[in-house]
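# Chains, contacts and geometry: an overview
The chain contents come next:
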Amino acid sequence: MISYNTKDWFTFIFHFHKSDTVRKLFPIMIAIAVYSSLVGYLEVYYFRIGKNDYIQNIPIMHGMLGFVISLLLVFRTNTAYDRWWEGRKQWGSLVNNSRNLAIKLSAILKDENDRKFFRKFIPVYADVLHKHLNDSETGKQLFEGVDLEIDHHKHKPNQVKSIMYHKINDLYDAKKISGDQLIIINDEFKAFTDVCGACERIKNTPIPYSYSAFIKKFIFFYIMTLPFGYSISLGYYVAPVVVFVFYVLASLELIAEEIEDPFGEDENDLPTKKIAENIKKHIEELI
């Protein structure tokens, strides 16, 4: 995730980051500029269409559709941001649950080997979840000195939680923790699965295809018809105007596409790897 100063206006205006939409849209912006110039030339100089022709009334359609497309894009970006923010809240919950579990276990467990086990395995869950959501391969050796027996064809976060829960059950059988303490600890373990399920819901449920495809088609046909309506009054200046309108509309769609899956590798995705590293550091301090 990009770190920046929210109050530094001029940096935003004149600085171009590699994730900026101008870089992604530049080739098609050039193509649209050429297309708009060609339409403007054909209408004004070749066909000599004047202000008395009906084609000059096309901007009336653009005025009506502009309101519709703005509503669609507002809904699109709000939906994408809700998914991004929901993912951040879930990882915030994972941080708090990991801390609470570590605090409780540090007070309950007296044996250093037991404390060492959870000191290593609680951060492992966050690290495995990060890799699970990024669809990357999880190695058996996640941390130095920790060798996990994980079946890579099964659900990896569930396996890590199962290992920890079996350890808790063994401690209960050995009378190292009481039944009341087991109930207290169980709430934190349950929260781990709740966080994982919520993140998977975001990851595995994209925006419906028909909705996303319709917005892209709407933007395309809206932009392709703009030169026909405005070249009569703007001439060759229709090219930069159409390019700017396309840049605004397409940029909103690109931003929504980038943040709707907050667990990927894009510049504005959530720093889940960094959060997992912070959990490891905090757990080592607590236990």
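Note that this is a predicted model, so its numbers are computed, not measured.

## Notes on the overall build of the protein chain
Scanning the protein chain for helices and strands turns up nine helices and zero strands. Its helices and strands in sequence order give the protein chain the pattern α-α-α-α-α-α-α-α-α, from N to C terminus. Counting all 287 residues of the protein chain, 41% fall into the buried class. If you take every contact in the protein chain between residues at least 6 apart in sequence, the share linking residues at least 24 apart comes to 76%. Working note: accessible area of the protein chain is about 16,600 Å², and carbon and sulfur atoms make up 60% of it.

## Here we look at the nonpolar core
The biggest cluster of nonpolar side chains holds 42 residues, and the ones touching the most others in it are Trp91, Leu94, Phe118, Ile122, Met164 and Ile168. The element best represented in this core is helix H4 (residues 112-133), accounting for 10 residues. Each residue touching isoleucine 168, except ones within four places of it in the same chain, is listed here: Leu105, Phe118, Ile177, Leu182, Ile185 and Phe189.

## Considering the packing of aromatic side chains
Under the definition given, this model contains 10 aromatic pairs. Residues tyrosine 125 and phenylalanine 192 carry aromatic rings whose centres are separated by 5.0 Å and whose planes lie at 15 degrees to one another, so their mutual orientation is stacked. Note that tyrosine 125 is positioned in helix H4 and phenylalanine 192 in helix H6 (residues 179-204), a separation of 67 residues in sequence. With a relative accessible area of 1%, tyrosine 125 lands in the buried category. The exposure class of phenylalanine 192 is buried, given its relative accessible area of 0%. Consider the rings of tyrosine 165 and phenylalanine 189, whose centres lie 5.6 Å apart with planes at 85 degrees: the pair is edge-to-face. Within this pair, whereas tyrosine 165 is found in helix H5 (residues 156-173), its partner phenylalanine 189 is found in helix H6, the two being separated by 24 residues in sequence.

Conventions used here
- Residues numbered from 1 in each chain as written.
- Predicted model: local features only at pLDDT ≥ 70, side-chain atom pairs only at ≥ 80, totals over all residues.
- Heavy atoms only, no water.
- Helix = DSSP H or I, 4+ residues; strand = E, 2+ residues; numbered from the N terminus.
- Buried < 20%, exposed > 50% of the residue type's maximum accessible area, 1.4 Å probe, protein only.
- Contact = heavy atoms within 4.5 Å.
- Areas by Shrake-Rupley, 256 points an atom, 1.4 Å probe, with all protein chains shown as cover.
- Core = buried A, V, L, I, M, F, W, Y, C linked by side-chain atoms within 4.5 Å.
- Phe/Tyr/Trp six-rings, centres within 6.5 Å; stacked < 30°, edge-to-face > 60°.

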